[in-house]
Amino acid sequence: MYNRLETREEKFGVVDLRSTPNYRFIRTNAEALEAIAKLGTPKIMGLDTETTGLDPLSDRLRLLQIAVPKHPVLVIDLFSVELGLFAELLTSDAEKVLHNAKFDFKFLKSNGVELTQPIRDTMLASQLLNAGMRNVNHKLSSLVERYFRIPMDKEQQLSDFSKPELDPEQLDYAAKDVAVLPILWKMMQPEVELHQLTHILEIECRTIPAVADMELSGIRLDIQKWESLGDLFRDRLTETEVKIHGFLKPNSPQTELLEGTNKVDINSPKQLKAALKGIGIKVSSTGIEVMKAHVDEHPVIDLIIEYRHYSKRLSSFLDAFVPKLNPVSLRIHANFWQTGSDAGRFSSSNPNLQQIPRTKDFRQCFIPGEGNVFCIADYSQIELRIAAEIANETRMIEAYIADADLHSLTASLVSGKKIEEVTKNERQMGKPVNFGLIYGMGADGLKDYAFNSYGVVFSLEESKSLRDKYFEAYSNLKVWHQRVSQQRMLSNRIETRTLGGRRRIFDRPDVTKLLNTPVQGTGADMVKLALSLLYEEPLREYLGYKFIAVIHDEIILEVSAENAEVTKHLLQEKMEEAGRYYLKVVPVVAEAKIADSWGEK
């Protein structure tokens, strides 16, 4: 292990993080110009901001902090100093080290200055180094404690930075927060290199501007359609509730009633379980999977499942989204987290756009601005393509090179028919077989997955037979599964890698996660590289497209109708270019479309 104290001395001299660093509080443009001149052309700088709130559309930048080694930290009061004076410095070739750079990027961009690469995000670096590790915190204070073995006081983080005059404690805090960043990065960088994560961290950092643009742009919601859909679901919920109460027996001695009524509280597991017992249905719990197992016993079970469907849609989406509209833009500005899953895929929150039902009635409510359209693209069968390359599954690879339909091919192989004889229904059967079995799903799982996801009915015997025939047909997939299974048996602590080198560490993993992590993670690497290429594209500003959302392997852009056709082709081109960077044998296909709503894809 390298000596951390020596690293600090060699790079910057000794820094005592327990005390306040030497800093200058800049309150006039003249002071700012003088300070900038003294910095010269730094090779690395720490950057941070303090703001009056968390919304870059309605809150203000208060402080900009800049830490250049061997110089006093600059703490700039942006209530009295022009941010534009620092534009040249912030767009220089210096390494810019930030923690959660997306936040600062959004506020700076909203105020007319856009950070340029190279950006180094210590939060993303920590997330990559520790992907899969439990109970690892990636806050700056946690990293300081981990690397420097000293506590970091963050009490002032929640203080009021909108005051005309800031307290000395606030200025000290702001200076400390940024002073540590260049040193911290120089301590983390050897670890990133040691674990061969340099490329992946570079892609993550290059993706930050596109993600920041996504959160700033937001997505427009057709409120009238949304509220009409909500009214429809409320009516259906009420109708279903009436039908359920028609079957239940509130006078049964086992049934506890909703207080003040003669009705069972359908949302109470205790009351519902007792009421079901009263009509002869004994269930171990009222969980959805248990209820599904009893659907053949009584029509009320289907009604309860339907009731929960409507209730969930209302509470999670239809009643929850309108309050999320930003008062300035009147759009939904969701958060997108680049390393939201240990596999490296995006997650979304506040609200979670990735969980929006895939049905047209929901997605058609998300629309572009006046005069604009969406350009939407996703990868065709990308997980199957990646799995084929990882496993070197020659039969699949040959099919993709020949542009054959893999679902029809699979149906042909497991049924013994010629591919041209495969019917539409048989092709549909090939989908759950392909998507389910690439990750080693068992016969029971395949049976349930086929029905729940595709409406395809298999008996257990059929599932077993299909599984056997599938791995006979795709023998290299079987070899890959066996190799991973053997690895699992030999060790409890395992690391997986994507084709791009992204790492995930497992303690006692199951085989399914060991199989799907490198596949889904490689797909995530492709999407992020595509976002980077699209943002760095010289035509971006001319075309004027905005990043709207990433939903798994789908990218949504918004652009003027007149520039839509060029943007659509560019989106498809960059996604396929990113795919080819990681898949060297299997062709990558992205399918793009111009749409007036998200529901048209």
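Description of the structure in this document. (Residues numbered from 1 in each chain as written. Predicted model: local features only at pLDDT ≥ 70, side-chain atom pairs only at ≥ 80, totals over all residues. Heavy atoms only, no water.)

1. A word on the overall build of the protein chain
As a reminder, the rule being used: Secondary structure counts use DSSP, requiring at least four H or I residues in a row for a helix and at least two E residues in a row for a strand, with both numbered from the N terminus. Two things to know: the radius of gyration comes from C-alpha atoms, and the globule rule equals 2.2 Å times the number of residues to the power 0.38. A 1.4 Å probe rolled over the protein chains alone gives each residue an accessible area, and that area as a share of the maximum for its type sets the label: buried under 20%, exposed over 50%, partly exposed in between.
Helix and strand counts for the protein chain stand at 23 helices and 16 strands. The C-alpha atoms of the protein chain give a radius of gyration of 28 Å, which matches the 25 Å a tight globule of 601 residues would have. Along the longest, intermediate and shortest principal axes, the C-alpha atoms of the protein chain span 80 × 65 × 55 Å. In the protein chain, buried positions account for 52% of the 601 residues.

2. What to know about the sheet that holds strand β14 (residues 546–551)
Keep this limit in mind: Pairing between two strands requires that DSSP report at least two bridges joining them. Axis lines are fitted through C-alpha atoms, for helices just across the contact stretch, and the angle between N-to-C directions can take any value from 0 to 180 degrees. We call two residues contacting when some pair of their heavy atoms lies within 4.5 Å.
Read across the open sheet, the 4 strands follow the order β14-β15-β11-β16; overall the sheet is antiparallel. The sheet terminates laterally at β14 and β16 (590–595), the two strands that pair on one side only. Each strand axis lies, on average, 20° off the axis of its neighbour in the sheet, ignoring direction. As judged from the 6 bridges shared by strand β11 (residues 372–379) and β16, these two strands associate in the antiparallel manner. Bridged to F374 within β16 is A595. Packing of helix α23 (residues 564–582) onto the sheet brings it into contact with β11, β15 (554–560) and β16, and relative to β11 it is tilted by some 20°.

3. Re the packing of helix α16 (residues 406–415) against helix α19 (residues 460–473)
Stated precisely, the cut-off is as follows: Should an angle fall under 35 degrees it is called roughly parallel, over 145 degrees roughly antiparallel, and 65 to 115 degrees roughly perpendicular, with every other angle called oblique. Each residue is assigned to one class: nonpolar for Ala, Val, Leu, Ile, Met, Phe, Trp, Tyr, Cys and Pro, charged for Asp, Glu, Lys and Arg, and polar for all the others, Gly among them.
Where α16 meets α19, the axes come as close as 9 Å, and the angle between the chain directions of the two elements is 110°. Classified by the angle between their axes, α16 and α19 sit roughly perpendicular to one another. Contacts between α16 and α19 involve T410, L413 and V414 from the first element and L466, K469, Y470 and A473 from the second. Partitioning the contact of α16 with α19 into residue classes produces 5 nonpolar, 1 polar and 1 charged.

4. Focus: the packing of aromatic side chains
We count it as follows: In this analysis, rings of Phe, Tyr and Trp, with Trp reduced to its six-membered ring, are considered paired at centre separations within 6.5 Å, and the interplanar angle assigns stacked below 30 degrees, edge-to-face beyond 60, and tilted for intermediate values. Note on criteria: charge over ring means Lys NZ or Arg CZ within 6 Å of the ring centre, with the direction from the centre no more than 35 degrees off the ring normal.
In the structure shown here, the tally under the stated rule is 16 aromatic pairs. Here the aromatic rings of F321 and F366 are separated by 6.3 Å at their centres, their planes lie at 80°, and the arrangement is edge-to-face. Here F366 lies in strand β10 (residues 366–367) and F321 lies in the loop between α12 (299–318) and β8 (335–337), a separation of 45 residues in the sequence. By relative accessible area, F321 is classed as buried at 2%. Note on F366: relative accessible area 0%, which makes it buried. With 5.6 Å between their ring centres and 80° between their planes, F366 and W598 make a pair best called edge-to-face. Of this pair, F366 sits in strand β10 while W598 sits in the segment after β16, placing them 232 residues apart in sequence. The ring centre of F362 lies 5.9 Å from the NZ or CZ of R313, which sits over that ring.

5. Structural notes on the nonpolar core
Just so we agree on the cut-off: Within this scheme, the nonpolar core is defined by two criteria: the residues are buried Ala, Val, Leu, Ile, Met, Phe, Trp, Tyr or Cys, and they are joined through side-chain atoms within 4.5 Å.
In this structure, I66, F86, L276, L353, Y379, Y470 and I555 are the most contacted members of the largest nonpolar core, which totals 183 residues. Sort the elements by how many residues they give to this core and helix α7 (residues 168–194) lands first, with 14 residues. For I66, the contacting residues outside a window of four places in its chain are M45, G46, L47, V73, L74, I76, F86, L89 and V178.

6. Examining the side chain of Q354
The condition is simple: The term polar contact refers here to a pair of N or O atoms within 3.5 Å; inside protein, the definition further demands a hydrogen-donor-capable atom paired with an acceptor-capable atom, and it admits residues adjacent in sequence only when both atoms are side-chain atoms.
Along the chain, Q354 turns up in the loop between β9 (347–349) and α13 (360–363). A polar contact of 3.3 Å, which involves the side chain of Q354, links it to the backbone oxygen of F346.

7. What to know about helix α9 (residues 223–247)
The following threshold applies: To estimate the expected span of a helix, count its residues, drop one, and scale the result by 1.5 Å.
The terminal C-alpha atoms of α9, which comprises 25 residues, lie 36 Å apart, in line with the 36 Å expected from a rise of 1.5 Å per residue. In this structure, the buried residues of α9 make contact with β7 (220–221), α12, α13 and β10.

8. So, the packing of helix α5 (residues 122–129) against helix α8 (residues 198–217)
Quick reminder of the rule: Should the near helix be turned anticlockwise from the far one by less than a right angle, the crossing is left-handed, and should it be turned clockwise, the crossing is right-handed.
As a packed pair, α5 and α8 sit with axes 10 Å apart at the nearest point and diverge in direction by 140°. On the basis of the axis angle, α5 is oblique to α8. α5 and α8 meet at a crossing whose hand is right-handed. Packed against α5, whose contacting residues are L124, A125 and L128, the element α8 presents I200, L201, E204 and I208 at the interface. A breakdown of the residues in the contact of α5 with α8 according to their chemical character gives 6 nonpolar, no polar and 1 charged.

9. Comments concerning α7
Put simply, the test is: The angle separating two fitted axes, one through the seven residues that finish at a residue and one through the seven that start at it, defines the bend at that residue.
In a regular helix each residue adds 1.5 Å, so 27 residues correspond to 39 Å; α7 covers 40 Å between its end C-alpha atoms and thus fits that length. Largest kink in α7: about 30°, centred on L181, with the proline P182 one to four residues after it. Among the 27 residues that make up α7, 19 are buried, leaving the element largely enclosed by the rest of the structure.

10. Observations concerning the environment of H333
Mapping H333 onto the fold places it in the loop between α12 and β8. Note: C-alpha distance between H333 and V264 (69 residues apart in sequence) is 39 Å. From its side chain, H333 meets the backbone oxygen of E215 in a polar contact 2.8 Å long. Among the polar contacts made by the side chain of H333, one reaches the side chain of S329 at a distance of 2.5 Å.

11. Some details on a negative patch on the surface
Our working rule: Each patch groups residues whose relative accessible area exceeds 30% and which form no salt bridge, using 9 Å between like charges and 5 Å between nonpolar side chains of Val, Leu, Ile, Met, Phe, Trp and Tyr. All accessible-area figures derive from a Shrake-Rupley calculation using a 1.4 Å probe, and residue coverage is judged against the displayed protein chains alone. For this document, the term salt bridge refers to a Lys or Arg side-chain nitrogen within 4 Å of an Asp or Glu carboxyl oxygen. Here Asp and Glu are counted as negative and Lys and Arg as positive; His is not counted, and neither are the chain ends. Where a charge lies is defined by one atom per residue type, namely NZ (Lys), CZ (Arg), CG (Asp) and CD (Glu).
On the surface, D296, E297, D302 and E306 cluster together into a negatively charged patch. Among the structural elements, E297 can be located in the loop between α11 (288–292) and α12. In this structure E297 comes out as partly exposed when scored by relative accessible area, which is 46%.

12. Details of the pairing of β11
For β11, the tally of buried residues reaches 7 of 8 residues, placing the bulk of the element in the interior. Strand direction decides the pairing type here: β11 and β15, joined by 7 bridges, are antiparallel. The residue bridging F374 from the neighbouring strand is E558, located in β15.

13. Details of unusual backbone geometry
Following Q117, the chain continues into P118 via a peptide bond in cis, with omega recorded as 5°. With respect to the secondary-structure elements, P118 resides in the loop between α4 (101–110) and β6 (119–121). For the bond from N350 to P351, the omega torsion is 0°, close enough to zero to count as cis. You can see P351 is positioned in the loop between β9 and α13. A positive phi angle, close to 60°, is found at R149, a residue other than glycine.

14. Quick notes on the sheet that holds strand β2 (residues 44–51)
With respect to topology, 6 strands assemble into an open sheet ordered β1-β4-β3-β2-β5-β6, the strand pairing being mixed. Here the strands that pair on one side only, and so sit at the sheet edges, are β1 (23–26) and β6. Strand-to-strand twist across the sheet, computed as the mean angle between neighbouring axes with direction ignored, equals 25°. Sheet topology places strand β3 (residues 61–67) next to strand β4 (residues 73–77); 4 bridges connect them, and they run antiparallel. Each bridged residue has a counterpart across the sheet, and for Q65 the counterpart in β4 is V75. The strands touched by α4 are β2, β3, β5 (95–98) and β6; relative to β2, the strand with the most contacts, the crossing angle is about 70°.

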